[in-house]
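Coordinate inspection notes
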Amino acid sequence: MTPPLPVGLTDIQAAAARIAGRVRRTPMCADPHLPGVWLKQEYRQDTGAFKLRGATNAILSLTEGQLARGVVTASTGNHGRALAHAARQAGVRAVVCLSKLVPANKVQAVRDLGAEVRIIGQSQDEAMVEVARAVAQEGLAEVPPFDHPDVVAGQGTLGLEILAEGIAPSDVLIPLSGGGLAAGVAAAIKALSPTTRVIGVSMERGAAMAASLKAGHPVEVRELPTLADSLGGGIGLDNRVTFAMCRALLDDVILVTEDEIAAAMRHIHAVTGDTVEGAAAVGHAALLSGRLSAGPRTVCILSGANVAPETFARVLEGQPA
Ligand SMILES: *Cc1c(COP(=O)(O)O)cnc(C)c1O
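Residues numbered from 1 in each chain as written. Predicted model: local features only at pLDDT ≥ 70, side-chain atom pairs only at ≥ 80, totals over all residues. Heavy atoms only, no water.

Attention shifts here to the site of the ligand. In the vicinity of the ligand, 16 residues are found, and the nearest of them are Lys51, Asn78, Gly179, Gly180 and Ser303. Within the backbone of Ser177, an N or O atom sits 2.9 Å from an oxygen atom of the ligand. Separating an oxygen atom of the ligand from a backbone N or O atom of Leu181 is a distance of 2.9 Å. In the complex, the protein chains occlude 98% of the 380 Å² of accessible area that the ligand would expose alone. (Near = heavy atom within 4 Å. Polar contact = N/O pair within 3.5 Å; in protein donor to acceptor, adjacent residues only side chain to side chain. Areas by Shrake-Rupley, 256 points an atom, 1.4 Å probe, with all protein chains shown as cover.)

Below, the structure written as structure tokens:
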């Protein structure tokens, strides 16, 4: 017998009850140009990405003592925004550790969300050392971006929401990076709708989970610039939660190119009028490129909206990525 997975349906249901009223229930609509394809518009979530679900569930799962001391992370991306927002909502102190290389506008954006910024060292690795120090010496609780059971359970609430739409999805396409979203959503869907295919989608340029699943253990890949920047980064060589869950629960992983992501961002903009980031468009990229055939009811999770305006303008003009 293989050991049970770290997060199951009851954890996700408990997370849904915990975060109800603190995160948005996002809309789902049919794609008018792709028959049978549905768009879960999670980019309309507060802070512009699903990460608010996991961050909120993780904070609300802390002990009284931890809540009194606060939370810490090193992320400047969607997780950092989500954690700062969730902490402020809960009246909890949030510390974000950044390297000197993080641009001033990003530093200010974190401050604007009410988080305390610590500028430490020349690299993300040095910022991570400060996170470890704050945990050990100040008793702050680290809320990591994906590899934590409470974070995964929070992201899984998105899977419950998709099933509650009542379309009985044949396929769910999930943007895949560290695998917190894929692990949580797949756990919810496979528990309640075992015949639904659950497929992770990443960019070709630096897909760490795809490479790790192929190798059979977590591996490092070189990080490369990509339109799907929220999907960059590794899964952690000491991964505890998401690798095992993605290995057990995902039916397939598909990789897409930069041009396919750009075309998918234009498609989504054309059908919704909305701006989504590259990571949110990878499911459509897989379908529009023909790398994957849609089932009769295929749901694409549009995971986030946070793209630099100049990048989105370049994509809309069809300039090469
Ligand atoms: C974080 C993120 C992802 C990937 O989530 P993981 O849990 O790391 O796999 C996908 N899309 C967006 C917009 C994100 O911010």
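From this point, the narrative continues.
For the rest of this paragraph, the subject is the nonpolar core. In terms of nonpolar packing, the biggest core is built from 35 residues, with Val172, Ile174, Val185, Met245 and Ile301 touching the most fellow members. Elements that contribute at least two residues to this core include exactly helix H1 (9–19), helix H7 (149–164), strand S7 (171–175), helix H8 (180–192), helix H9 (208–215), helix H10 (242–249) and strand S10 (298–301). Residues in contact with Val185, not counting those within four places in the same chain, are Gln155, Gly156, Leu158, Gly159, Val172, Ile174 and Ile301. Membership of the second largest hydrophobic core comes to 32 residues, among which are Leu39, Leu173, Leu227 and Ala281. (Core = buried A, V, L, I, M, F, W, Y, C linked by side-chain atoms within 4.5 Å. Buried < 20%, exposed > 50% of the residue type's maximum accessible area, 1.4 Å probe, protein only. Helix = DSSP H or I, 4+ residues; strand = E, 2+ residues; numbered from the N terminus. Contact = heavy atoms within 4.5 Å.)

The next subject is the sheet that holds S10. By way of backbone hydrogen bonds, the strands of a sheet pair with one another, either parallel or antiparallel. The six strands lie next to each other as S1-S2-S10-S7-S8-S9, forming an open sheet whose pairing is mixed. The open sheet has two free edges, formed respectively by strand S1 (28–30) and strand S9 (252–256), since each of these has just one partner strand. On average, each strand axis in the sheet is inclined to that of its neighbour by 25°, with strand direction left out of account. Bridge count between S7 and S10: three bridges; the pairing is parallel. Pairing of Val172 across the sheet is with Val299, part of S10. (Pairing = 2+ DSSP bridges. Axes fitted to C-alpha atoms, helices over the stretch in contact; angles between N-to-C directions.)

To continue, consider the pattern of salt bridges. All told, the structure shown has 16 salt bridges when counted by the stated rule. Between Arg24 and Asp46 there is a salt bridge, with the nearest N and O atoms lying 2.8 Å from each other. Of this pair, Arg24 sits in the loop between H1 and S1 while Asp46 sits in the loop between strand S2 (37–40) and helix H2 (51–60); the two residues are 22 residues apart in sequence, bridging distant segments of the chain. Using a relative accessible area of 43% as the deciding quantity, one classes Arg24 as partly exposed. Given a relative accessible area of 21%, Asp46 falls into the partly exposed group. Measuring nitrogen to oxygen at the nearest pair gives 3.1 Å for the salt bridge that ties Glu116 to Arg93. In this pair, Glu116 sits in strand S5 (residues 116–119) while Arg93 sits in the loop between helix H4 (78–90) and strand S4 (94–98), placing the two residues 23 residues apart along the sequence. Assessed through its relative accessible area of 31%, Glu116 is described here as partly exposed. Taken together, the shared-partner salt bridges connect Arg93, Glu116, Arg118, Glu130, Arg133 and Glu138 into one network. (Salt bridge = Lys/Arg side-chain N within 4 Å of Asp/Glu carboxyl O.)

On to the side chain of Asp31. By secondary structure assignment, the location of Asp31 is in the loop between S1 and S2. Within the local environment of Asp31, its side chain forms a polar contact with the side chain of His284, the two groups lying 2.9 Å apart. Leave out the neighbours within four places in its chain, and Asp31 touches Val37, Trp38, Leu39, His267, Val271 and His284.

With that settled, the discussion passes to the packing of H2 against H4. At a minimum axis distance of 8 Å, the contact between H2 and H4 shows a crossing angle of 45°. Of the possible angle classes, the one that applies to H2 and H4 is oblique. With respect to the hand of their crossing, H2 and H4 are arranged in right-handed fashion. From H2, Lys51, Leu52, Ala55, Thr56 and Ile59 reach across to H4, where they touch Asn78, His79, Ala82, Leu83, His85, Ala86, Ala87 and Ala90. Among the residues forming the contact of H2 with H4, the class breakdown is eight nonpolar, four polar and one charged. (Parallel < 35°, antiparallel > 145°, perpendicular 65-115°, else oblique. Left-handed = near helix turned anticlockwise from the far one by under 90°. Nonpolar A, V, L, I, M, F, W, Y, C, P; charged D, E, K, R; others polar.)

Keep in mind these values describe shape, not function.
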